[in-house]
Amino acid sequence: MARTLADKVWDLHAVTAGSGGDAGGTDLLYIDLHLVHEVTSPQAFDGLRLAGRPVRRPDLTLATEDHNVPTSDTLLPIADPVSRIQVETLRKNCAEFGVRLYPMNDPGQGIVHVVGPQLGLTQPGMTVVCGDSHTSTHGAFGAIAFGIGTSEVEHVLATQTLPNARPKMMAVNVEGDLPAGVTAKDVVLAVIAEIGTGGGQGHIIEYRGSAIRALSMEGRMTVCNMSIEAGARAGMIAPDETTYAYLKGRPHAPKGALWDEALLAWSDLRSDDDAVFERSVTLDAATLRPFVTWGTNPAQGVTIDGRIPEPASFADAGQRGAAERALTYMGLTAGTPIREIPVDTVFVGSCTNGRIEDLRVAADVLRGRHVKAGMRVLIVPGSMLVKAQAEKEGLDEVFRASGADWRSAGCSMCLGMNPDTLAAGERCASTSNRNFEGRQGAGGRTHLVSPAVAAATAVAGHFATPEEL
Amino acid sequence: MQPFTVHTGTAIPLRRSDVDTDQIIPAVWLKRVERTGFGAGLFSAWRKDPAFVLNDERYTGATVLLAGENFGTGSSREHAVWALTDYGFHAVLSPRFADIFRGNSYKNGFLPVELPEDFISQLMAAVEADPATEITVDLQNCEVRGAGLSHPFQIDAGVRHRLLNGLDDIALTLQSEPDISAFEARRPTWLPVTV
Ligand code: SF4
């Protein structure tokens, strides 16, 4: 029977199949890679300890410190005692259970979803989980990768498997050429606006089409990263030459004869021509424009040429109410052109847009320019390796010369668990993935944008594209 | 895990859609390394508003949450479920749930029940008219009853079995140990290890 890419990867990992009856429809899925961070793991390790269970496969488990870590003065102890205890708890747990950890200041440290791919640990056809919803990022390599809760983290630590019902399959086709200045971030924001925050629920999305194939690995990761913002269980892209070129030579990629073996296995990882998707959506790449969200969920967005919508323009009563509440929270007036909204903070970073390519784009915009007076600009690399690479290329100098703040690696202002937060009422152009109320700090106002728009906005003081500077 | 069979209690109507887990439990609360004590953080940003429905004394003691669609969207934080249960909720009714939130709920004996929007609206209206209205969430018969109305709901048979009996998922999986070991022996050698 014809199968989708996700079906093939799923079938390769089903230890036992759901037999019906009291077992229900859940398969027992083997997990190839389990990534761990400090926030969602302490209670899971506690559970193991209580039950006297070991970590079954420490060699398939990797931990990093990312959510709580400060991005400046990183050689000092963490000032917030609660954050410090959480980070220290991870260190103790990893030592006790034999899990490899990349701690703060280690050259391997970084945001969990930047670390896996850069090490070559994320490979086509794998199953990857992490106690973090943006695990969907790893699907860019043709892996099934999804976020789990802490009980499931404990389950994977103890058994290296997860009972899971097979999701439905959805195809998102983006066909054609992206116009200049339109990036992977704009593609995925447009997809979310099209299908809604719940549009992918219960599904694995496979991104297909010529515009997707033309994206770099970094761009593909940006797209898959935000699958969760469309409610999807996971996002995937079939591996191809771009994938193999990215992987080859990375520390954990297969070498020599094993590389050839792996390549052969990977070559089957594509949806059969007659595979059936439960749902299918097509976007015309040529019509896309840089995107800016105006509300408090990621589907509330328009192109940069647009205006803040009238809540009354939403036919659905729920959406209308949500738009009214969002405009109140965001301090915005319907009808305002997006370009006229003044911005006081810019954040470039996160697992969505904190990779080297993103920093290069931001640096290209800021080179030889200065950020608007009074503007706070944070540039936070996704990992210490990204940081080192950026410094090798002199990007840090470009950022500093422009008046931006060049930081150390971590989640930072994506969720403000460390000292990098928005104050109430501050308005931020952010390359992260969530514009929820208070996400970047209580009362803070988040607009999701691409790194190009973020950098141009830093210079202009209001939403702008690089071409307008 | 505590079994979930039948629960009856009063309810709170939360007339909002896309209630994300950052609202259910804001990130500052995630620094804790315990599983308990999250009730105080439940909707803590929204609770600063005296008009927020959780501050309405008429609903004190409610154990069933009635919500708009796409409840539990966003971050995978299980702390959201711990906050809801610690506050005293046993079940949440919504037209649609985010997948990870739903899974996390099941692991904690907390029941997310998917029901049509108009049925939930009717329950909300009844509860708003009379906050003493009791709602019964019956997992044995897969049915929700209240205000003279009733509606069946669907749930995976395996999940239902585990909830009704309060079974430990890890212990259940470990019964398949021979299958897991056999699978491991078959895994391709080119797959990466982290060490
Ligand atoms: S960067 Fe943001 S979205 Fe990504 S893992 Fe960190 S907190 Fe989560």
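Participant: Which parts of the structure should I look at to understand the sheet that holds strand 3 (residues 91-94) of chain B?
Facilitator: Two pairing modes exist for strands in a sheet, parallel and antiparallel, and in both the strands are linked by backbone hydrogen bonds. Residues and elements named next belong to chain B. Strand order in the open sheet formed by seven strands is 4-3-2-1-5-6-7, with mixed pairing between adjacent strands. Across the chains shown, the open sheet's two edge strands, defined by having one partner strand only, are strand 4 (111-114) and strand 7 (149-152). Strand after strand, the sheet turns through a mean of 25° between neighbouring axes, direction not considered. Note: strand 5 (residues 134-138) against strand 6 (residues 143-146), four bridges, orientation antiparallel. Bridge assignment links Thr 136 to a residue of strand 6, and that residue is Arg 145. Across the face of the sheet, helix 3 (residues 99-107) comes into contact with strand 3 and strand 4 while running at roughly 135° to strand 4.

Participant: So what exactly am I meant to see when it comes to empty space enclosed by the protein here?
Facilitator: Sizing a probe to match a water molecule and rolling it over the atoms shows the empty space that remains. Within the structure shown, the criterion is met by four cavities of 30 Å³ or more. Surrounding the largest cavity, 23 residues form its lining, His 67, Asp 132, Leu 415 and Arg 439 of chain A together with Ser 75 of chain B being those nearest its centre. Only helix 4 (112-118) and helix 12 (350-353) of chain A provide two or more residues apiece to the lining of the largest cavity. Partitioned by chemical class, the residues of the lining of the largest cavity number eight nonpolar, eleven polar and four charged. Roughly 160 Å³ of volume is contained in the second largest cavity.

Participant: Can you walk me through the packing of helix 2 (residues 79-87) of chain B against helix 3 of chain B in this structure?
Facilitator: The packing of two helices is summarised by the inter-axis angle and the distance between the axes. All names here are of chain B. Their axes nearest at 9 Å, the elements helix 2 and helix 3 cross at an angle of 50°. In terms of orientation, helix 2 and helix 3 fall into the oblique class. When the axes of helix 2 and helix 3 are compared, the crossing they make is right-handed. Seen from helix 2, the contacting residues are Ala 80, Val 81 and Leu 84; seen from helix 3, they are Phe 101, Asn 104 and Ser 105. Looking at side-chain class alone, the contact of helix 2 with helix 3 contains four nonpolar, two polar and no charged residues.

Participant: Would you take a moment to explain the packing of aromatic side chains for this structure?
Facilitator: Each pair of aromatic rings is reported with the distance of its centres and the angle of its planes. A full pass over the atoms with the stated rule returns 16 aromatic pairs over all chains. Note on Phe 43 of chain B and Phe 52 of chain B: the rings are 5.8 Å apart at their centroids and 65° apart in plane angle, and the pair reads as edge-to-face. The same class applies to Phe 43 of chain B and to Phe 52 of chain B, which are both buried. Measuring from centroid to centroid gives 6.3 Å for Phe 71 of chain B and Phe 97 of chain B, while their planes differ by 80°, and the two rings are edge-to-face. Remark: Phe 97 of chain B occurs in the loop between strand 3 and helix 3 and Phe 71 of chain B occurs in the loop between strand 2 (64-67) and helix 2; sequence separation between them is 26 residues. Residue Phe 71 of chain B is classed as buried on the basis of its relative accessible area of 0%. Relative accessible area serves as the criterion here: at 0%, Phe 97 of chain B is assigned to the buried category. Taking NZ or CZ as reference, Arg 250 of chain A lies 3.8 Å from the ring centre of Tyr 246 of chain A, over its face. One Lys or Arg, Arg 16 of chain B, reaches over the ring of Trp 46 of chain B and ends 4.1 Å from the middle of that ring.

Participant: Before we go on, may I ask you to explain helix 10 (residues 256-266) of chain A in this structure?
Facilitator: Residues separated by three or four positions in an α-helix point in the same direction, a consequence of the helix having 3.6 residues per turn. Residue and element names in this part refer to chain A. Among the residues of helix 10, those classed as buried are Trp 259, Ala 262 and Trp 266. Viewed along the axis of helix 10, the buried residues span an arc of 65°, placing them on a single side of the element. Turned more than 90 degrees away from the buried face of helix 10, the exposed residues are Ala 257, Asp 260 and Leu 264. If you follow the buried residues of helix 10, they end up packed against helix 9 (241-247).

Participant: It is not clear to me how the layout of surface pockets should be interpreted in this structure. Could you clarify?
Facilitator: Counted as a void, the second largest pocket has a volume near 730 Å³. Lining of the second largest pocket is provided by 37 residues; of these, Asp 316, Gly 318 and Gln 319 of chain A together with Ser 17 and Glu 69 of chain B occupy positions nearest its centre. Put simply, the parts of the chain that give the lining of the second largest pocket at least two residues each are helix 6 (184-195), strand 14 (301-303) and helix 11 (317-330) of chain A together with helix 4 (117-129) of chain B. Here the lining of the second largest pocket takes seven residues from helix 11 of chain A, the largest share from any one element. Class assignment for the residues of the lining of the second largest pocket results in 14 nonpolar, 14 polar and nine charged.

Participant: Hey, could you run me through the environment of Ala 95 of chain A in this one?
Facilitator: Residue and element names in this part refer to chain A. Here Ala 95 is to be found in helix 3 (residues 81-97). Using a relative accessible area of 65% as the deciding quantity, one classes Ala 95 as exposed. Along the sequence, Ala 95 and Pro 290 sit 195 residues apart, while their C-alpha atoms lie 46 Å from each other.

Participant: Could you clarify how one ought to interpret the pairing of strand 9 (residues 168-175) of chain A in this entry?
Facilitator: Walk down a regular strand and you will see the side chains alternate between the two sheet faces. Residue and element names in this part refer to chain A. Taking burial as the measure, the eight residues of strand 9 include six buried ones, the bulk of the element. Here six bridges tie strand 9 to strand 10 (residues 203-208), and the two strands are oriented parallel to one another. Paired with Val 172 across the strands is Tyr 207, a residue of strand 10. With helix 6 bridging strand 9 and its parallel neighbour strand 10, the resulting β-α-β unit is right-handed. Where strand 9 meets strand 12 (residues 279-284), six bridges bridge the pair, whose relative direction is parallel. Bridging across to strand 12, Val 172 finds its partner in Val 281.

Criteria and thresholds
- Residues numbered from 1 in each chain as written.
- Chains lettered and ligands numbered in written order.
- Predicted model: local features only at pLDDT ≥ 70, side-chain atom pairs only at ≥ 80, totals over all residues.
- Heavy atoms only, no water.
- Pairing = 2+ DSSP bridges.
- Helix = DSSP H or I, 4+ residues; strand = E, 2+ residues; numbered from the N terminus.
- Axes fitted to C-alpha atoms, helices over the stretch in contact; angles between N-to-C directions.
- Contact = heavy atoms within 4.5 Å.
- 1 Å grid on protein atoms, 1.4 Å probe; cavity = no way out; pocket = protein on both sides within 12 Å on 5 of 7 lines; lining within 4 Å.
- Points joined across faces, edges and corners; volume = space filled by probe spheres on them.
- Nonpolar A, V, L, I, M, F, W, Y, C, P; charged D, E, K, R; others polar.
- Parallel < 35°, antiparallel > 145°, perpendicular 65-115°, else oblique.
- Left-handed = near helix turned anticlockwise from the far one by under 90°.
- Phe/Tyr/Trp six-rings, centres within 6.5 Å; stacked < 30°, edge-to-face > 60°.
- Buried < 20%, exposed > 50% of the residue type's maximum accessible area, 1.4 Å probe, protein only.
- Lys NZ or Arg CZ within 6 Å of the ring centre and 35° of its normal.
- Arc of directions from axis to C-beta.
- Right-handed = clockwise from strand over helix to strand, strands pointing away.

Function-wise, these values are silent; they only describe arrangement.
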